[in-house]
Structure formats: structure tokens, C-alpha cells
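# Notes for the structure review
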Amino acid sequence: MNNSISSHIKDASDLLGTQNGSQKIWAIGGGKGGVGKSLVTSNLAICLSLLGMKVVVIDMDLGGANLHTCLGVPIPEKTLSDYFQKSNTKLADLLTTTPLKNLKLISGAQDEMGIANLRQVHRSKLLKQLRELDADYILLDLGAGTTNNTLDFFLSADQGILVTLPEPTSIENTYRFIKSVFHRKLAHLEDFLEVSPLIDKVLNSKLNENSSPAEIIEKAMQIDPVMGEKLKREVQTFSPKLVINQVRTQADIDIGFSMKIISKKYFGLNLDYVGFLEYDATVWQSVKKKRPLLLEFPSSTLVKNFESIIHRILNLSK
Ligand SMILES: Nc1ncnc2c1ncn2[C@@H]1O[C@H](COP(=O)(O)OP(=O)(O)OP(=O)(O)O)[C@@H](O)[C@H]1O
Ligand SMILES: [Mg+2]
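In short, a report on the structure. (Residues numbered from 1 in each chain as written. Chains lettered and ligands numbered in written order. Predicted model: local features only at pLDDT ≥ 70, side-chain atom pairs only at ≥ 80, totals over all residues. Heavy atoms only, no water.)

### Considerations on the overall build of the chain
For clarity, the cut-off: To qualify as a helix, a DSSP run of H or I must reach at least 4 residues; to qualify as a strand, a run of E must reach at least 2; elements of each kind are numbered from the N terminus. Only protein chains enter the calculation, and the probe is 1.4 Å; a residue is then buried if its accessible area is under 20% of its type maximum, exposed if over 50%, and partly exposed in between. In what follows, residue pairs with any heavy atoms lying within 4.5 Å of each other are defined as contacts.
The helix and strand inventory of the chain stands at 14 helices and eight strands. Residue burial in the chain is summarised as follows: out of 318 residues, 53% are buried. Counted over contacts in the chain with a minimum sequence separation of 6, partners at least 24 positions apart contribute 78%.

### Section: the pairing of strand 6 (residues 159–164)
Just so we agree on the cut-off: Whether two strands pair depends on DSSP finding at least two bridges between them.
Taken across its six residues, strand 6 has six buried, putting it largely inside the fold. Both faces of strand 6 are covered, namely the face carrying Gln 159, Ile 161 and Val 163 and the face carrying Gly 160, Leu 162 and Thr 164. For strand 1 (residues 24–29) and strand 6, the ladder comprises four bridges, and the chain directions are parallel. Its bridge partner lying in strand 6, Trp 26 is registered against Gln 159.

### Here's the deal with the pattern of salt bridges
Pairs can form between side chains of opposite charge whenever their charged atoms are close. For the record, the criterion: In the sections that follow, a salt bridge refers to a side-chain nitrogen of Lys or Arg positioned within 4 Å of a carboxyl oxygen of Asp or Glu.
One pass over the full model with this rule turns up ten salt bridges. Close ionic contact of Lys 86 with Asp 82 constitutes a salt bridge, the shortest N to O distance being 2.9 Å. A residue is classified by how much of its surface remains accessible, and Lys 86, at 43% relative accessible area, is partly exposed. The class for Asp 82 is buried, based on a relative accessible area of 14%. Taking the shortest distance from any N to any O, the salt bridge between Lys 241 and Asp 272 comes out at 2.9 Å. Residue Lys 241 is found in strand 7 (residues 241–247), and its partner Asp 272 is found in strand 8 (residues 272–278); the two are separated by 31 residues along the sequence. Overall, the relative accessible area of 4% leaves Lys 241 in the buried class.

By themselves, these are just geometric observations and shouldn't be taken as functional.
Here's what the structure looks like:
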């Protein structure tokens, strides 16, 4: 498996490994619970580490942390709970080993302290220390939901990856997540681009919080073409990746292409469909065995799926 992944994406990995010594943060999210975020996070992390990258994977699903199981390790002694409760704890103190030498885990809190309760001061400190970790790639498993904290971690990452199932409820949740992210991004842009007055005007006009992102941008262009254009450009640079999980038919696979078209039309947003994962019994078999999927079942059809996704993401993040 190692060889196969390496041979496919060697060129990309040569280019991408430690550009300027700075890490890349990938955040894996999506509105709904149980869609495969932890499966995607853990196995993308394994792919990257098999390519020789130094990877840290962090379970941000505070309160419902289970990423350790996907990686085949017992609940680590130190978790993010220690980080939030003891002010002198460093993020680097929480690194736990995994079956792969290059891959370290920081486990999420097991207690009730949800990410929703994370205060701004903790969030900023966490983001700062993330960038100080000794790693080429840092992958965040964001957990379900659209709290401001989850949205901010998604937006702070260099790469946001959305996971969805090919079924209406999950797809709707993904659109809701995208829309929430967009509104959150607008809130940040207000300060950054000094477009507050414009956004106030836009939001106070006939539009309301149910307006689509495309409508908001269009209104902004009408009110102030120069600032509106700036806003549009900023939004267009935001291009989350999409993975469809548990596909069973070609129609399921094609949902990703439809979602890309709809996102462009409705949100004015370039959703990047990076691939799909087939529904496969090896997933629950590996969960039951508490072993990482890609290591336990190296000839699983999902290995090819993951190879293709990682290839696509690395190529595009050049
Ligand atoms: N491709 C797949 N084929 C078969 N089963 C799958 C697949 N993907 C996920 N599953 C099943 O769905 C379960 C949920 O996956 P996972 O824990 O990765 O979702 P999640 O989005 O992280 O959930 P949560 O929101 O609770 O954190 C897995 O335990 C597995 O049994
Ligand atoms: Mg999970």
C-alpha cells in the first residue's frame, strides 16, 4: 500500500512535504454526525504518514472523542481536557504515539466540555500552538455541528474538507454547514476588509439571514462595486473540498458533481469534489477490531478510494 500510494503521488509529495518548513492544517467537518469524518481524518492522516510526512491528528470532537479508536490506540492518558483545565499544559505535551512512527494523536476531551463552550481565549491559544507543533500536516477532526468554534476552526485551516453521505438529510446538512461557514467568513471579513458598513447595508436591505451567499454578494456589488468585488474575490478563494462517503451506485458518486454545480450557482462558491469512498464492510470490521482500516485491510477497495482522494487534495493544494 505504501508503495502504491507513494508511486501515485510522489511528485506532489516531493513538492508539498515541508514547504518553507510551515505546516499545513486540514480541518475535516460537515454538519452531520456519523457521516465518516473520523474515518476520513484518520485514514488521510495514515496516507500522509505513509508518504513520509510528519503528521499530527487532533480530535476536536470534544465530548464525543473517538478518533483514537479509528487509529487503534487506547484512550490516551492526556487529552485536550488537560489543555483546557491546566493553563500550563502545552499542546505538544499531549502528543500520543500511534501504530505509525510519523503519526501522532492528540485526543479530544472525554468529558462534557463541548467545543461549543470553548472560549475565544482558548481558541486563539489553541490555534497559535497548533502552528507551533513539529509536523508537516495537522489534521483536525471537527466533530458534528455548526457552532462558531467549529466554523472558526474550519475557516482557520489551510484546507477544509467536508464529508457527506449520498442521502438528502446529510446533503442538506452539508449545505447548511457551507452556508454557516459563509456567514461566519463574512463576519470575519467585516474586520479584515473594513467592509462593515457595506455588509450592514446589505444585511439591512431586503435580504435577511436566509439570503443565499450569491444574493448577498450581488447586493454588495450593487451598493458598492469596488468593495463588492473585493468581497467576491475573497469568497472565491474559499474552496472547501468535498468527499462523498458510503457510495453504493454511480448515482451516489454523481451527487458530488451536482453539489459542486449547486454550490457555484447558489453560494458562488467553488466546492472541490475530491472523491468518494465506497460503502464497505471492512470499515465496521476495522472499527470492531479497533485497528486502523488502511493498515488492517490493505487490499480493501477503500485503499484505492483514499489514494485517489489524497492524490487529488495534494495536487490541488500545490
Ligand atoms: N465507507 C463506509 N462503509 C461502511 N461503513 C462506514 C463507512 N463510513 C463510515 N461507516 C460507518 O459509520 C460509522 C461512523 O463513522 P465515523 O465515526 O467516521 O463518523 P463521524 O462523522 O466521525 O461521526 P461523529 O459525528 O459521531 O463523530 C463507522 O463506525 C462505520 O461503522
Ligand atoms: Mg467522529
